[in-house]
Every structure is written in structure tokens, then in C-alpha cells.
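Notes for the structure review
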Amino acid sequence: MREEEEEGTFQFRETAKTQESVEEGVGQQKVYEKRLPDFIIIGMQKCGTTALKYYLEVHPNLLAPDRGEIHFFEKDGNFNKGKDWYISEMPSAGPDSLVFEKTPDYMAVPIVPKRIFELKPDVKLIVTTCDPVKRAFSNFLHLTSVERPIDEVAPGVQFVMNSTFDEAIFAALKKSVGEKNAKLIFEKPDEINEEKREEIRETFTSFASKIWDDNKKFPMPEGLLVKGYYKFLIEKWSQIFPPENILPLNGTLLSSSPWNASRQIEDFLEIENFLTEDKFSRIEDTNFYCIKTNRKKRPCSKPGGKKGRTLETKMSEKAQYALRVFYHALS
Ligand SMILES: Nc1ncnc2c1ncn2[C@@H]1O[C@H](COP(=O)(O)OS(=O)(=O)O)[C@@H](OP(=O)(O)O)[C@H]1O
């Protein structure tokens, strides 16, 4: 049972998660060991995956590595270290816990679903989705804030780092749906009719399919657009995993009422509904929620680490409108 404490914090129950080893009875002992994750948060980049991990780690039945992201399946350097290395990155867990990791880069890398399926075909997958327009801008701000020598980043990322958001989006549209359509979307968006929308959808889908089917990584700046085409990406993953093992989670729900988002996840994982509304408190300056807890070391005010760039910087009206028109065509 939990004890209510003053100032809205609460005491955690003693659970499998907090005990090192437990005698269950004569001759029976719960085994705590490292193992492959039971579920993975595979994406989407910039849709609140850091906050989601932070919330879920508070659940008494859920355990994740301390390291923010493992990057096993998409980075060949890590993948080549093998399954045992991946398992060694996981926390020790007993039979009452579910182990998870989050690496939002997984979602848009074609080789990843095949690699995961080969290792653990029954793993459950969670993907947060959010407004693709805001996601693209957040992704852009992330890339342009990379603190690495420019010659160490891919040419497409270098291009983005040296561009405005409008330039990056225009270039991405030009490369994926052609210059004529890019100009139309950017300069005369109100002239786009149903027929044109269909053409844009078909052109973009075949552009993305070609890269996916060739097992290549989406280059930048086009990746800024593809990563917001959730329907396409989820369909690709559903061709490998049973759709019932994939939970698309509405990122807007995650930020507006994380207890409702958590409930969906708890139901999906078939675990107790622990992350109830009383566990969350709203942070005034960001409007995001953090967890009231006296057990986690991280302060209440920073659920997303350094995240929150989009609260301070705005995209141009023109780019925003162009992207709205573009994603409307894909819907
Ligand atoms: N508590 C909470 N709930 C819901 N959403 C939140 C929360 N905190 C942050 N954010 C939003 O998450 C954006 C960062 O997403 P990710 O954590 O997935 O980014 S990353 O892919 O791991 O880099 C981040 O984007 P930016 O504002 O661009 O930083 C926020 O919009």
C-alpha cells in the first residue's frame, strides 16, 4: 500500500522492482536477471518519447536502462556487438517486471523491424505520434543544435544545419515530390485540389517506399518529412509484426493527460493501472506534466531533459502552412 505524503509526493510500495531478491518459499526463489526487453518505444522522434520513458519508469512493474537510449538495432556499430551486449545494457529484472527501452530512431530505419523480429518476434512496440508539422520543426531545431564538428555529420544533416527551416523543408519537398509540386505547396498552397493531393500522396509514398524497400536510411532533409508520415511507417512495421503488438499512442494525449495515455499503455501491456491522475502535476512554465515522486532523482520540472526548444522558437507561417497542406495531402 502506498502512504500519502505531504506536498503531493507519495511513497512507493515495495515491489519486485525495489527488492534485490525474494525468497518465495522452500526451494523457490525469484530470479533477477538481465534479458531482452518485453517492449520497446520505437518512436517517433520528437513526439515525447523521453517524457514517456520518464513516466513509465515510475510504474512498479516496469524497468528500463538508466541510459536514455540504447541505439542497438539501427547503429551497425552497436548491432555488431551482438545480442549479449544488448542484454547487458538492460536492467536486472524479476518475473514480475517488464523490461523496456526507448530509441525513437528505430521507427524510420527499414532494417530495424526485421532485426527486432529476428531477436524477439513477440516483443510489444509503442510508437507515439504527434502533430507532424511541429515534429518536423522540433527535429530541425534538434539537428541545428548538434554540438559536433560539422565534418562528422552526414552531408544531408550538414545541409540542414546550414539552412533555415523554410529552406530545409523546400529542399525536402523538391527532392521527394519534385520542384513543381514543392513550389505549388510553398507558393500557391490554396490552388491544391483533390487531384493534386492524390498526386502528391502517390509521389511521396512511392519515394518513401523505394528507400524503405531498398533498406536504406532516409537522408536529410527528406527525413524531416518522412518521419511524420506515421501511417506509412506503421504500415511497414505491421507487415512484420502482428498489428496487435503495435500501440500507436497519441502524443497530444501524452502531453494533455498523461494518465490517460499511461492507461492505454498499461492496458496494452496487461499490467496494473498505477499511473493515475494523482501521480502527475503540471509544470507551469512548460504546461507539461511531471511525476510527483520522492523516489526518482530527477527534479519534477524537467521531464524531457533539455527538451522544450519549440516553446521558445517559432517556425514561419509560410513553412507551417506549407507543411499543413502537405500532410493533409498524405492523410
Ligand atoms: N512531459 C511531456 N509530455 C509530452 N511531451 C513532452 C513532454 N516534455 C517534452 N515534450 C515534448 O517532447 C518533445 C521531445 O520529444 P522526444 O523526447 O521524443 O525527443 S527525442 O526524439 O528523444 O529527441 C519536445 O519537443 P521540443 O519542444 O522540440 O524539445 C516536447 O515538445
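Residues numbered from 1 in each chain as written. Predicted model: local features only at pLDDT ≥ 70, side-chain atom pairs only at ≥ 80, totals over all residues. Heavy atoms only, no water.

If you look the protein chain up in an unreviewed UniProt entry, it shows as Sulfotransferase from Oikopleura dioica. What UniProt records for the protein chain under Sequence similarities (unreviewed entry) is the sentence "Belongs to the sulfotransferase 1 family." (UniProt positions renumbered as here; feature names shortened; annotations may be inferred.)

All chains considered together, the criterion is met by 25 aromatic pairs. Between Phe73 and Phe79 the ring centres are 6.3 Å apart and the planes differ by 45°, which places this aromatic pair in the tilted class. For Phe73, a relative accessible area of 1% translates into the label buried. Clustering of aromatic rings is evident, with ring pairs tying together Phe204, Phe207, Trp212, Phe218, Tyr229, Phe232, Phe326 and Tyr327. The ring of Phe79 has Arg115 lying over it, and the distance from NZ or CZ to the ring centre is 3.9 Å. (Phe/Tyr/Trp six-rings, centres within 6.5 Å; stacked < 30°, edge-to-face > 60°. Buried < 20%, exposed > 50% of the residue type's maximum accessible area, 1.4 Å probe, protein only. Lys NZ or Arg CZ within 6 Å of the ring centre and 35° of its normal.)

Side chains that are nonpolar tend, in soluble globular proteins, to be buried together. Residues Tyr86, Tyr106, Ile116, Trp237 and Phe326 are the most contacted members of the largest nonpolar core, which totals 75 residues. Setting aside chain neighbours within four positions, we find Phe326 in contact with Leu173, Val177, Ile185, Ile200, Phe204 and Leu225. Listed in part, the 28 residues of the second largest apolar core include Tyr55, Val58, Ile265 and Tyr289. (Core = buried A, V, L, I, M, F, W, Y, C linked by side-chain atoms within 4.5 Å. Contact = heavy atoms within 4.5 Å.)

Taken as a whole, this structure holds 1 disulfide when the rule is applied. Here Cys47 pairs with Cys130 through a disulfide, and the sulfurs are 2.0 Å apart. The disulfide joining Cys47 to Cys130 has a torsion of about -65° about its S-S bond and is therefore left-handed. Of this pair, Cys47 sits in the loop between strand E3 (39-43) and helix H1 (49-56) while Cys130 sits in the loop between strand E6 (124-129) and helix H5 (132-144), placing them 83 residues apart in sequence. Across the pair, Cys130 and Cys47 agree in class, each one buried. (Disulfide = S-S within 2.5 Å. Helix = DSSP H or I, 4+ residues; strand = E, 2+ residues; numbered from the N terminus.)

Here we come to the packing of helix H8 (residues 179-187) against helix H9 (residues 194-213). Where H8 meets H9, the axes come as close as 12 Å, and the angle between the chain directions of the two elements is 125°. The orientation of H8 relative to H9 falls into the category oblique. For the crossing formed where H8 meets H9, the hand is left-handed. Contacts between H8 and H9 involve Asn181, Leu184 and Ile185 on the former and, on the latter, Lys196, Glu199 and Ile200. (Axes fitted to C-alpha atoms, helices over the stretch in contact; angles between N-to-C directions. Parallel < 35°, antiparallel > 145°, perpendicular 65-115°, else oblique. Left-handed = near helix turned anticlockwise from the far one by under 90°.)

On to H8. Owing to its 3.6 residues per turn, the α-helix aligns residues three or four sequence positions apart on the same side. Those residues of H8 that fall on the buried side of the exposure criterion are Asn181, Ala182, Leu184, Ile185 and Phe186. Looking at the buried positions of H8, the neighbouring elements they touch are helix H7 (165-177), H9 and helix H15 (317-330).

Before going further, it helps to examine H1. Counting buried residues along H1, 7 of its 8 residues qualify, which places the element largely inside the surrounding structure. Of all the residues in H1, the buried ones are Thr49, Ala51, Leu52, Lys53, Tyr54, Tyr55 and Leu56.

Glancing now at the pattern of salt bridges. Applying the stated rule across the entire model yields 16 salt bridges. Here Glu89 makes a salt bridge to Arg67, at a shortest N to O gap of 2.9 Å. Of the two residues, Glu89 is situated in the loop between helix H3 (83-88) and strand E5 (98-102) and Arg67 in the loop between strand E4 (62-63) and helix H2 (76-79); the sequence distance between them amounts to 22 residues. Given a relative accessible area of 21%, Glu89 falls into the partly exposed group. Taking the shortest distance from any N to any O, the salt bridge between Asp213 and Lys236 comes out at 3.6 Å. Taken together, the positions of Asp213 in helix H9 and Lys236 in helix H11 (residues 230-238) put the pair 23 residues apart, joining distant regions of the chain. Residue classification places Asp213 among the exposed residues on the basis of a relative accessible area of 54%. (Salt bridge = Lys/Arg side-chain N within 4 Å of Asp/Glu carboxyl O.)

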